[in-house]
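So you can see what is in the structure, the chains are spelled out below.
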Amino acid sequence: MSMLALITKDNQKKPEESELVYRDRIDDLAFCRLLEKRSKKKLTKEEYEEATTVEARVHARMLLHAGLLPSTLADEHFKGAAERLHEELLEEYKGDTAYKRILI
């Protein structure tokens, strides 16, 4: 049984959670458990593929919530300018929510 299936079985959706928040919580738990397992022993091929998929979803969410997607997509010549622009816009418009950070 996959790590995601085990975690989903053990962690039911809470009534106040949206489906997206629930999936994010499950991904976070799976990511942590797979990292812990990876530190103790080598993952099987199936576990490695699952870990890669979960890791990609967790990193994508982190990039969006931190508002760093534009600077990660910038080429090496524009990367410094994109990061500086992001910092200046955060300072001016106060990136106090995930939506503001994404737009900035």
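As shown above, the structure is provided for reference.
My aim in this report is to walk through the structure given alongside it, one point at a time. (Residues numbered from 1 in each chain as written. Predicted model: local features only at pLDDT ≥ 70, side-chain atom pairs only at ≥ 80, totals over all residues. Heavy atoms only, no water.)

### Some thoughts on the overall build of the chain
(1) Moving on: The secondary structure content of the chain amounts to 6 helices and 0 strands.
(2) Moving on: What you see in the chain, going N to C, is helices and strands ordered as α-α-α-α-α-α.
(3) Moving on: Referenced to the eigenvectors of the C-alpha coordinate spread, the extents of the chain come out at roughly 45 × 35 × 15 Å.
(4) Moving on: Considering only contacts within the chain whose residues lie at least 6 apart along the sequence, 36% involve residues at least 24 apart.
(5) Moving on: For the chain, the accessible area works out to roughly 7,800 Å², and carbon and sulfur atoms hold 59% of it.
(6) Moving on: Averaged over its 19 positive side-chain charges, the chain has a centre that lies 6 Å from the centre of its 21 negative ones. (Helix = DSSP H or I, 4+ residues; strand = E, 2+ residues; numbered from the N terminus. Contact = heavy atoms within 4.5 Å. Areas by Shrake-Rupley, 256 points an atom, 1.4 Å probe, with all protein chains shown as cover. Lys, Arg positive; Asp, Glu negative; His and termini not counted. Charge placed at Lys NZ, Arg CZ, Asp CG, Glu CD.)

### A few points about helix H5 (residues 79-93)
(1) Moving on: An ideal rise of 1.5 Å per residue puts 21 Å on 15 residues; H5 measures up with 21 Å between its terminal C-alpha atoms.
(2) Moving on: Of the residues flanking the end of H5, it is lysine 94, one or two places downstream, whose phi is positive at about 55 degrees. (Expected span 1.5 Å × (residues − 1).)

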